[in-house]
Every structure is written in C-alpha cells, then in structure tokens.
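Examination of the molecular architecture
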Amino acid sequence: MNSITYRDNQLYVDNVALATIAHAVGTPAYVYSRRALEWNWQEFNQGFSPRTAAIRYSVKSNSNLAILALMAKLGSGFDIVSGGELERVIRAHGKANQTVFSGVAKSKKEIEFALKSGIFSLNVESPAELARIHITAKSLGVVAPVSVRVNPDVDAITHPHISTGLREAKFGVDFEQALELFRDAHHSEQLNIIGIAVHIGSQMTSLEPIIDALEHVIDFSEQLGEVGIEIHHLDLGGGLGVRYRDEQPPTIREYCSAIGEVLDRRNAAMSLSIEPGRAITANAGVLVTRVEYIKQTATKNFALVDGAMNDLIRPVLYDAWMDIVEVRQDHNIEAALYDVVGPVCETGDYLGKNRMLAIDPGDRLAVLGAGAYGAVMASNYNTRPRPVEILVDDEEFDVIRSRESIDEMLCLESIPDQLSPD
Ligand code: LLP
C-alpha cells in the first residue's frame, strides 16, 4: 500500500500535503502515516492464517509513544531491548505480558523491572545472564519466564552491521550451549521455559536465510524433545527487508506463508511469535528537509539542506541508499545531479549522493523509507535539536514529538563552581 504519493505535483502523506506540514511545523521533520503503519501490521497479523502468530512489534525501529500506542491499540505485543523501551511500552498502554525482552547485556535493574512488570519472556543470550535471571527471580520470589536465543550460524546476507546470526556475532548461543541452558532452566524451580528465540539479522531481502534458520531451530527443538524438554513456543525475531531502491524483498504475506509452510511440513506444533520492526515502519515515514543553499564546485553540485547525519544516520552508517524526492515538483526548474548534504562538520554528513533533482533554495525534499531507524537513532551532535515528529491520520496531523529547544538540549549539563567566572 502506498501512502506517500504525488497529486498535482505535490507530495502527499495520505491526504495531507507534506508542504502543508512543513509550513506548519518547520523542517527537518519526520512524518509518519497511521494508515501505512496499520496496514503493514495487519498484513503480518493476517498473513499466518489459519495459524495465528503473536506480532511483537520491535520497538527499536520507531519508539515514539504515539506509534507504540497505535500498535497497542491494534493488539500488538512488543519486542524490547532495554528498561527504557519497557517503560515506553507501559506508558503507551502496551502490555508487559505480551512483551519479549531481547539483548545481550541486560542489567540486574532491567531484569528486576521486567520481572516485576510481568514480562512474557526474557530472551536469554548467555549462561551468565541465565544465572543472573535465576538469582534475581529468587530474590524477588517469582518464577522467571525465559527463552533461549540461539545463534544458528546462518548468513543473513545483509549489511555486516545488521547481521546477527553468524557464529562470530555477540548474539545468542550456539546449539550446544543452548542445550546446556535449557537443561539448567528445566531443572530450576525459579525458571519457566517459554520457548526458543532466534533473530539472524535485519533488512533481509531473501527468504532463504530465514527458512534456513527456522529449519535448524526445528531440528534443535526435536533434539530437545528427545531429552525430555518440550518446546511449545518459537520466537522467530524480525528482519524482513523493505524496498529502498531496487531490492526485491518478499512481501509480508509471502514471508508469513513461507514460515507457515515450513511449520506445516515439519509438523511443528509450536505457537509462534515474530518481531517485525522495519517492515512495519520504514515505508510509513519520510524525513522532510529544506534546501538552504545550492553550492557548485568544480566537480559537484551540492544541495545544502537543513537535515543532517544527526537526524538520519543510516546513509553514512550502513551505506544505506534512501530515495530523495521533491516535495513539490516544479517542471520549470532544470534537474541536475546533486549530493544532498547537511550542515554537520563531517564529510560523512550526507543524506544521498548523485541524485537527480529539480530544486531551488527554499524548496523541500523528502527522504523516503525513513520511518524505521530514523528518529530513534537521531542525536544532538553539533548541538542540533532532534527533529519534530508528526503522525498523519487521513486528513489530519498531530505533533507526536516536539522539536527540542536549546534549553531542553542543555538542561542536563552543569558548570562546576570552580569553573564559574571570577
Ligand atoms: N528482534 C531483534 C532481536 C532485533 O535485534 C531486531 C533488530 C528486530 C527484532 C527487528 O528487526 P527488523 O524487523 O527491524 O529488521 N539500525 C539498523 C537496523 C538494526 C536492527 C537491529 N535489530 C538499520 O538502520 O538498518
């Protein structure tokens, strides 16, 4: 479903022109479509039919409270990786008992908070962590629900920074160690085994690695069954890719039915969770930025815009190509090739390179596919306020995060007395 479309040469998010939003709230601005978010979530929710799967939206891809509240309203569960994310879920009226907690280095405080909140599962990633959960549960007098996150040594065929399922990655434990962890948990009165978890990477554009990992995990669960440990639940993680340029990722429905087919063929009677992030949020959002200047050098044209790497770090961090389009198409302007760069003092500060654009100073551009891992990875580098965030609901829009003020950026800092002026 395409929520971001041109009409009369104007770029719209559903029924609101981006120019109208930019005029009202300024730039840079993240703008998300409620309709697209709901549609994508529903595709996952219905995609496993007649089977059911618990959709646990991966909070890290876009953790704005309004987005989480929308997911909660749809009936979503959540995948979190910190106490902070759990706090967000709770404040957005999400349910802890539908939430899984992943992450390799959960602190004692985070484990306590999760257990007290009634988390659905702590996804364990090492023997030391299982021991810590055991002690913490004992001191609280509760039984901790745990899953073991296995590392199936499968190549996700994606950017190395977002590949998590290879033996050399810090994530999960290999099958041998997982067997030990399951044995320990099985014998502990303080631990309740929920199931197996696996997540091999993000922005996967082929089904093969996902299916491969699934087959390995089913093999392993059969092995566990042979030693008397029955596994009733499988958490398959997230990772389905989206189209930023010319990638051909499977559709959400294709992804779901491929998983369903393997479970059927293998006669696996386990219940299922998935943790999609990007496939729900990426193409539901854009980053709107304004052209401040145009600069021509001997070799290049630069579009100097007010959005920068602190607002959207994906291009330089992952060599990510994200489409950049005009918010208003003006056919009287001649198109030229531009590097779209921001005001931050780094050569890596670019949103896109070699883009054909018809622009003048003052025009606005939209970076597409920016709903996932955009605002959440923004920083105050160069003392720049993080962007405002907007949610479009058909013909209306709301500010769901205000642009930071200078006072908000500086309020946690202080100057020790001895450094005050004499
Ligand atoms: N579950 C676990 C345990 C994860 O580590 C992740 C993502 C997800 C689910 C959601 O994956 P998704 O469906 O969004 O692919 N910042 C990077 C992506 C990092 C992904 C980290 N883990 C980027 O901008 O490409």
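All values derive from a computational prediction rather than experimental measurement.

1. A short note on the pattern of salt bridges
Scanning the model with the defined rule gives 21 salt bridges in all. As a salt-bridge pair, E222 and R266 come within 3.4 Å of each other at their nearest N and O atoms. Residue E222 is located in helix α8 (residues 208–226), and its partner R266 is located in the loop between α9 (252–265) and β12 (271–274); the two are separated by 44 residues in the primary sequence. Judged by its relative accessible area of 17%, R266 is buried.

2. Looking at the site of the ligand
Near the ligand you find 19 residues, and of these S202, E275, R314, Y318 and Y373 are the closest. Here R278 contributes a backbone N or O atom positioned 2.8 Å from an oxygen atom of the ligand. Note that an oxygen atom of the ligand is positioned 2.6 Å from one of the side-chain N or O atoms of Y373. Considered on its own, the ligand offers 580 Å² of accessible surface; in the complex 91% of this is hidden by protein. Among the residues making up the shell around the ligand, the classes are represented as five nonpolar, eight polar and six charged. Split by domain, the shell around the ligand shows at least three residues from each of two domains, domain 1 (95–276) and domain 2 (282–410).

3. Points about the domain arrangement of the protein chain
The domain architecture assigned to the protein chain consists of domain 1 (95–276) and domain 2 (282–410). Between domain 1 and domain 2, the C-alpha centre-to-centre distance is 35 Å. Between domain 1 and domain 2, the contact holds eight residues from the first and 11 residues from the second. In total, about 800 Å² of surface goes out of reach between domain 1 and domain 2, with carbon and sulfur atoms giving 56% of it. Among the residues domain 1 hides against domain 2, the three largest losses belong to H159, Y244 and R245. Together they make up 63% of the total. Linking domain 1 to domain 2 there are zero salt bridges. The interface formed by domain 1 and domain 2 holds two residue pairs in polar contact (both at pLDDT 80 or more) in total. Considering only residue class, the side of domain 1 that touches domain 2 consists of three nonpolar, three polar and two charged.

What counts as what
Residues numbered from 1 in each chain as written. Predicted model: local features only at pLDDT ≥ 70, side-chain atom pairs only at ≥ 80, totals over all residues. Heavy atoms only, no water. Salt bridge = Lys/Arg side-chain N within 4 Å of Asp/Glu carboxyl O. Helix = DSSP H or I, 4+ residues; strand = E, 2+ residues; numbered from the N terminus. Buried < 20%, exposed > 50% of the residue type's maximum accessible area, 1.4 Å probe, protein only. Near = heavy atom within 4 Å. Polar contact = N/O pair within 3.5 Å; in protein donor to acceptor, adjacent residues only side chain to side chain. Areas by Shrake-Rupley, 256 points an atom, 1.4 Å probe, with all protein chains shown as cover. Nonpolar A, V, L, I, M, F, W, Y, C, P; charged D, E, K, R; others polar. Domains from an automatic or database assignment. Contact = heavy atoms within 4.5 Å. Buried area = accessible area lost by both parts, 1.4 Å probe.

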